[in-house]
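# Report on the structure
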Amino acid sequence: MRWLLAFTDEAALARCARARGEADRPWRYRAVWGAAVLDAGVPAVSEETGLPCGVLVDAADGERGMVLPPVVGIVPEAFTLDRPGGQGAAGRRE
């Protein structure tokens, strides 16, 4: 399984970088609307890796953060762990 890191603003990204001990390096990012993370980001990561993909929103913000697991009803069905018929991401059998 893979996780796509998403942040609501640059300050949230900076908090995550500091929490990982990686604040001294540049972080490349792309600003997108929230739905695009699920509609395009999750499929792109899943198709590249062949694994289900979830989204961590503001990962360093504790209870204010959000976990969008790779399950039906949260991310596009083709890229979930619990896809009907036992198929995982990109059509791989689990």
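Our subject in this report is the structure included herewith. (Residues numbered from 1 in each chain as written. Predicted model: local features only at pLDDT ≥ 70, side-chain atom pairs only at ≥ 80, totals over all residues. Heavy atoms only, no water.)

### Quick notes on a nonpolar patch on the surface
Side chains of Met1, Trp3, Val67 and Leu81 sit close together on the surface and give an oily, nonpolar patch of about 360 Å² of accessible area. Take Trp3: it is sitting in strand E1 (residues 2–6). Under the relative-accessibility criterion, Trp3 is labelled partly exposed at 36%. (Patch = residues over 30% accessible without salt bridge, like charges linked within 9 Å, V, L, I, M, F, W, Y side chains within 5 Å. Areas by Shrake-Rupley, 256 points an atom, 1.4 Å probe, with all protein chains shown as cover. Salt bridge = Lys/Arg side-chain N within 4 Å of Asp/Glu carboxyl O. Helix = DSSP H or I, 4+ residues; strand = E, 2+ residues; numbered from the N terminus. Buried < 20%, exposed > 50% of the residue type's maximum accessible area, 1.4 Å probe, protein only.)

### Description of the side chain of Asp61
Here Asp61 shows up in the loop between strand E2 (53–57) and strand E3 (66–68). For Asp61, a relative accessible area of 8% translates into the label buried. Dropping the residues within four chain positions of it, Asp61 is found in contact with Ala12 and Arg15. (Contact = heavy atoms within 4.5 Å.)

### Thoughts on the sheet that holds E2
The strand order E1-E2-E3 describes an open sheet built from three strands, whose pairing is mixed. Looking at strand neighbours, the two that pair on one side only are E1 and E3, the edges of this open sheet. Between one strand axis and the next, the sheet turns through 20 degrees on average, direction left out of account. With five bridges connecting them, E1 and E2 associate as parallel partners. Among the inter-strand pairings, Leu4 is bridged to a residue of E2, identified as Val55. (Pairing = 2+ DSSP bridges. Axes fitted to C-alpha atoms, helices over the stretch in contact; angles between N-to-C directions.)

### Quick notes on the packing of aromatic side chains
In the structure shown here, the tally under the stated rule is zero aromatic pairs. Geometry around Trp27 places Arg25 over its ring, the cationic atom sitting 4.2 Å from the centre. (Phe/Tyr/Trp six-rings, centres within 6.5 Å; stacked < 30°, edge-to-face > 60°. Lys NZ or Arg CZ within 6 Å of the ring centre and 35° of its normal.)

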